[in-house]
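Here are the chains, one letter per residue:
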Amino acid sequence: MDELESDKHVKYILSIEKKKDDVEALLMEHLRINGAYWGLTTLDILHKISAVDPEEVISWVMKCYHEDCGGFGGNIGHDPHLLYTLSAVQILALFDRIDVLDAEKVSIYVAGLQNEDGSFSGDMWGEIDTRFSYCAICCLSILHCLNKINVEKAVNYIVSCKNLDGGFGCTPGGESHAGQIFCCIGALAITGSLHHVDRDLLGWWLCERQCKNGGLNGRPEKDADVCYSWWVLSSLIMIDRVHWIDKDKLTRFILNCQDKENGGISDKPNYAVDVFHTYFGVAGLSLMEYPGLKSIDPAYALPVDVADW
Amino acid sequence: MGGDSSSEEVGLDLLQQLELILEHDKLIDEVGFVHPDQFPALNEGPSSSLSPVCILGQSAADILNKDTVELHVVQYDEKVFWNKDHKLAISILVLPQLYNAALNAYMDANRRYKQSIRSQINKGSFDDANCGCDFDQFLESEVLKHTRALLILSYDFKSAWNSRKLVLSRKQELSLFVDEFQLSALILSYAPKSEGAWSHRQWTVKMIAEKVHDLQELVKKESELVKNIAEKSKMNYRAWNHRCWLVLYMTESQVLDELNMSRKWAELHVADNCCFHYRRRLMLRILSNGDVKEGGEKPFNYNSNVYAVWKELQWNKLLIQRYIGREALWIHRRFLSQCWIKHFANNQKSSSPHIEATGLDDFLGEEFELMNACLNTQTDDELDDYQSQAKHAVSYILWISKQIPSCSEVKLQERLKEAVNFEDLFMKYPERLMLWKKVLV
């Protein structure tokens with residue numbers, strides 16, 4: 001069986017930072033802070049976060065901070081949004097430097113985005129999605145400020161997005177999708193509300209994501225993709241049904257998506273690698289207790305030694 | 001961002017050319033990013049009648065070099081842009097320069113626009129219509145112009161979409177929303193999964209809904225847009241999510257129309273789970289209304305609901321038998337059976353002359369026969385599709401067994417164990433081994 005090319009993946013992640021002027025890099029600029037979170041968390045799982053200078057990262061992250069409102073943008077000068085605020089808080093948590101934040105102010109920003117029905121808008125422009133519920137809840141929990149929102153309403157909204165197949169969508173009536181399921185189950189796990197979930201029914205839906213090649217897809221009729229190794233697997237762990245899938249086959253599928261020459265992991269075997277899939281591949285292996293990796297917390301998406309504050 | 005000043009100047013020139021093209025050909029409905037070597041091939045395309053566009057601004061004309069073409073109207077560098085028949089191609093070789101120029105122009109215009117708003121607020125004249133002076137309007141059009149160019153290059157650039165929202169929400173002019181639909185449709189033509197574009201469309205619909213009561217026409221057009229995009233972009237989650245969201249704004253008769261119209265589409269795309277989910281969304285809306293208005297005269301009443309679900313079950317069975325091994329069809333059947341069991345099975349009073357089996361046992365018996373038929377069509381050559389069909393059929397019956405009272409579950413599973421050899425199945429479908437072992441009582 002292939003092995004995880006840890007050193008090459010570390011090199012690959014460190015090299016991304018230097019390729020800032022590629023078209024691909026330019027077109028990802030608006031979500032650079034998400035990319036930073038994926039890359040840094042991967043380094044940490046591989047025990048190599050020491051390869052970056054924490055001060056440099058932290059000072060850049062804080063340049064994405066909007067002092068006037070308390071949210072973070074995806075890059076310097078970009079508008080604040082919950083998606084980026086969570087990544088910023090997660091990065092600071094990785095370096096154990098939450099102290100540089102005005103936690104009160106950030107949590108007021110996050111809490112201010114909760115709507116009357118318990119849902120969360122991603123930013124002041126009002127788009128609603130269960131992804132944003134997860135961002136808000138995860139972020140507030142890291143900051144120990146969950147008391148700033150109406151948790152009961154937040155939970156009820158998430159539950160209202162549950163479908164008859166046991167899965168969850170973006171909004172009530174939205175199609176079940178493994179990414180959305182991770183967000184909903186993660187938020188319910190953090191708030192201690194997993195009793196709202198029919199574990200057998202959802203577990204059934206999730207483990208039917210495993211394709212013949214061992215990889216997981218995100219919805220019925222789709223091809224397997226490495227990123228679902230994270231979304232599906234973490235959800236299965238949170239609802240205690242991970243033994244319903246074949247982990248050896250999944251491990252082989254992920255390892256088969258590595259670029260063994262230059263490092264990095266792609267969505268499917270022999271496709272182009274990117275930092276997003278590198279993170280999800282390594283994180284998926286960590287969830288399956290692949291030797292030599294730090295374990296990752298399935299709800300907070302941070303290494304356990306970080307999440308265990 | 002790197003780049004020396006001459007490269008910046010070139011970028012700025014190109015940006016001005018792009019913005020002029022966009023300004024003068026407002027009907028552009030397709031954009032492509034291609035290598036300039038491909039431009040000649042574009043000219044030889046089936047419809048190459050020259051159609052451009054208006055007059056170029058004087059200042060930009062001065063700076064164009066010898067590669068520039070002059071079609072009696074708009075001038076642009078022919079090695080960089082190609083614009084005909086409302087189609088636009090942009091050379092991939094200039095993307096970094098063009099992007100950086102668009103980014104800088106946008107950031108600058110946005111900063112000045114926000115500053116102007118702040119100073120108005122500080123003067124306490126935010127609501128004063130007279131204060132919407134020329135300068136303010138100039139900045140607004142600058143923001144709209146530069147975000148248009150930037151978003152065409154980087155369609156999920158959230159801040160740029162936001163700046164457009166800011167301008168629109170301050171102006172509150174319905175006519176301006178048309179541009180938003182056009183820009184997002186243009187982007188969706190080459191980036192059909194763009195979250196930014198879909199989200200902006202949703203925001204625009206919401207803004208219009210605040211002002212206009214009758215949304216039927218708009219909702220219909222949005223739904224058609226999704227249909228057209230879904231044709232080219234299979235299983236597009238964002239697109240179908242938009243359509244599911246629209247159901248909130250539909251009238252009852254529109255829901256029925258959509259259900260009728262999406263039927264044919266589903267038949268032609270039997271592997272597209274999104275479309276079947278959309279039908280589920282529509283049916284649930286009908287069923288939920290039925291609960292409230294039981295016996296009413298509205299289109300949604302109890303008997304017609306029973307009939308609708310029954311008809312869908314029959315149709316789905318036909319598709320399952322015609323298109324072998326399609327997971328989406330079996331998933332849809334799970335939903336339909338679940339509805340049937342929950343709402344109608346054992347409910348004799350709902351019986352309609354068209355419907356044969358209404359009791360739970362009869363219903364389960366029919367489903368079991370369907371599974372059996374699917375297992376028996378399996379041929380010796382063990383084609384993939386037939387293998388999948390058998391797997392989905394067995395899975396379906398097992399799944400249904402968990403949706404019924406436990407006494408019926410035991411009975412159904414006993415029948416299943418008699419009909420199929422599970423040891424055999426475990427060998428054939430190892431990826432389902434753990435799950436099936438677990439659910440077999």
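Rules of the game
- Residues numbered from 1 in each chain as written.
- Chains lettered and ligands numbered in written order.
- Predicted model: local features only at pLDDT ≥ 70, side-chain atom pairs only at ≥ 80, totals over all residues.
- Heavy atoms only, no water.
- UniProt positions renumbered as here; feature names shortened; annotations may be inferred.
- Helix = DSSP H or I, 4+ residues; strand = E, 2+ residues; numbered from the N terminus.
- Rg over C-alpha atoms; globule rule 2.2 N^0.38 Å.
- Buried < 20%, exposed > 50% of the residue type's maximum accessible area, 1.4 Å probe, protein only.
- Contact = heavy atoms within 4.5 Å.
- Areas by Shrake-Rupley, 256 points an atom, 1.4 Å probe, with all protein chains shown as cover.
- Lys, Arg positive; Asp, Glu negative; His and termini not counted.
- Charge placed at Lys NZ, Arg CZ, Asp CG, Glu CD.
- Polar contact = N/O pair within 3.5 Å; in protein donor to acceptor, adjacent residues only side chain to side chain.
- Pairing = 2+ DSSP bridges.
- 1 Å grid on protein atoms, 1.4 Å probe; cavity = no way out; pocket = protein on both sides within 12 Å on 5 of 7 lines; lining within 4 Å.
- Points joined across faces, edges and corners; volume = space filled by probe spheres on them.
- Nonpolar A, V, L, I, M, F, W, Y, C, P; charged D, E, K, R; others polar.
- Buried area = accessible area lost by both parts, 1.4 Å probe.
- Salt bridge = Lys/Arg side-chain N within 4 Å of Asp/Glu carboxyl O.

- In its Sequence similarities (unreviewed entry) section, UniProt records this for chain B: "Belongs to the protein prenyltransferase subunit alpha family."

- As named in an unreviewed UniProt entry, chain A is Geranylgeranyl transferase type-2 subunit beta, taken from Asparagus officinalis.
- Under the Catalytic activity (unreviewed entry) heading, UniProt states for chain A: "geranylgeranyl diphosphate + L-cysteinyl-[protein] = S-geranylgeranyl-L-cysteinyl-[protein] + diphosphate".
- One UniProt comment on chain A, placed under Subunit (unreviewed entry), says "Heterotrimer composed of the alpha subunit RGTA, the beta subunit RGTB and REP; within this trimer, RGTA and RGTB form the catalytic component, while REP mediates peptide substrate binding."

Notes on the overall build of chain A
Okay, so step 1: Counting its regular elements, chain A contains 14 helices and 2 strands.
Okay, so step 2: Whereas a compact globule of 309 residues would reach a radius of gyration of roughly 19 Å, chain A reaches 18 Å, a difference of no more than 12%.
Okay, so step 3: The principal-axis extents of the C-alpha atoms in chain A amount to approximately 50 × 45 × 35 Å.
Okay, so step 4: By residue count, 65% of the 309 residues in chain A fall in the buried class.
Okay, so step 5: Long-range contacts, defined here as pairs at least 24 residues apart, represent 66% of the contacts in chain A between residues at least 6 apart.
Okay, so step 6: Per element, the accessible surface of chain A, about 11400 Å² overall, is 50% carbon and sulfur.
Okay, so step 7: The averaged location of the 45 negative side-chain charges in chain A is 4 Å from the averaged location of its 26 positive side-chain charges.

Observations concerning the UniProt feature "domain: Prenyltransferase alpha-alpha toroid" (unreviewed entry) in chain A
Okay, so step 1: Within this structure's numbering, the places UniProt gives as "domain: Prenyltransferase alpha-alpha toroid" (unreviewed entry) are residues 4-301 of chain A.
Okay, so step 2: Annotated as residues 4-301 of chain A, this span is 47% helix and 1% strand, and its ends, taken at the C-alpha atoms, are 20 Å apart.

What about the environment of A:D240?
Residue and element names in this part refer to chain A.
Okay, so step 1: Topologically, D240 is positioned in the loop between α11 (228-238) and α12 (247-255).
Okay, so step 2: Of the residues examined, D240 reaches a relative accessible area of 48% and is grouped as partly exposed.
Okay, so step 3: Expressed as a C-alpha distance, the spacing of D240 and D200, which sit 40 residues apart in the sequence, is 9.5 Å.

Side note on helix α6 (residues 103-111) of chain A
Okay, so step 1: Burial in α6(A) covers these residues: A:V106, A:S107, A:Y109, A:V110 and A:A111.
Okay, so step 2: On its buried face, α6(A) sits against α5 (82-94) and α7 (130-142) of chain A.

A closer look at the side chain of A:E127
Okay, so step 1: Among the structural elements, A:E127 can be located in the loop between α6 and α7.
Okay, so step 2: Within the structure, A:E127 has its side chain in polar contact with the side chain of B:S199 (distance 3.2 Å).
Okay, so step 3: Residues in contact with A:E127, not counting those within four places in the same chain, are A:F120, A:S121, A:G122, A:F132 and B:S199.

A closer look at the pairing of strand β4 (residues 81-84) of chain B
Along a regular strand, successive side chains alternate from one face of the sheet to the other.
Okay, so step 1: Because side chains alternate across β4(B), one face comprises the buried residues B:F81 and B:N83, and the other comprises B:W82 and B:K84, equally buried.
Okay, so step 2: Where β4(B) folds back onto strand β5 (residues 87-91) of chain B in an antiparallel hairpin, the turn is made up of 2 residues, including B:D85, whose phi is positive at roughly 50 degrees.

Description of the layout of surface pockets
Okay, so step 1: Approximately 850 Å³ is the volume attributed to the second largest pocket.
Okay, so step 2: If you trace the second largest pocket, you find 26 residues lining it, with A:H66, A:D68, A:D79, B:K114 and B:R118 closest to the centre.
Okay, so step 3: By residue number, the principal contributor to the lining of the second largest pocket is helix α4 (residues 95-122) of chain B, which donates 7 residues.
Okay, so step 4: Counted by class, the lining of the second largest pocket contains 13 nonpolar, 6 polar and 7 charged residues.

Digging into the interface of chain A and chain B
Okay, so step 1: Counting from both sides, the interface comprises 43 residues of chain A and, opposite them, 55 residues of chain B.
Okay, so step 2: Area buried by chain A at its contact with chain B is led by A:W125, A:W204 and A:E221, which between them contribute 19% of it.
Okay, so step 3: Here B:E195 and A:R131 are joined by a salt bridge, their closest N and O atoms 3.3 Å apart.
Okay, so step 4: At the junction of chain A and chain B, the tally comes to 21 residue pairs in polar contact (both at pLDDT 80 or more).
Okay, so step 5: Contributions of two or more residues to the side of chain A that touches chain B are made by α2 (23-27), α5 and α10 (199-207) of chain A.
Okay, so step 6: Partitioned by chemical class, the residues of the side of chain A that touches chain B number 14 nonpolar, 14 polar and 15 charged.

What to know about unusual backbone geometry
Residue and element names in this part refer to chain B.
Okay, so step 1: One non-glycine residue, Q172, adopts positive backbone phi at about 55 degrees.
Okay, so step 2: The topology assignment puts Q172 in the loop between α6 (158-171) and α7 (174-190).
Okay, so step 3: Phi angles above zero are rare outside glycine, and M235 is one such case at about 50 degrees.
Okay, so step 4: The topology assignment puts M235 in the loop between α9 (216-232) and α10 (237-246).

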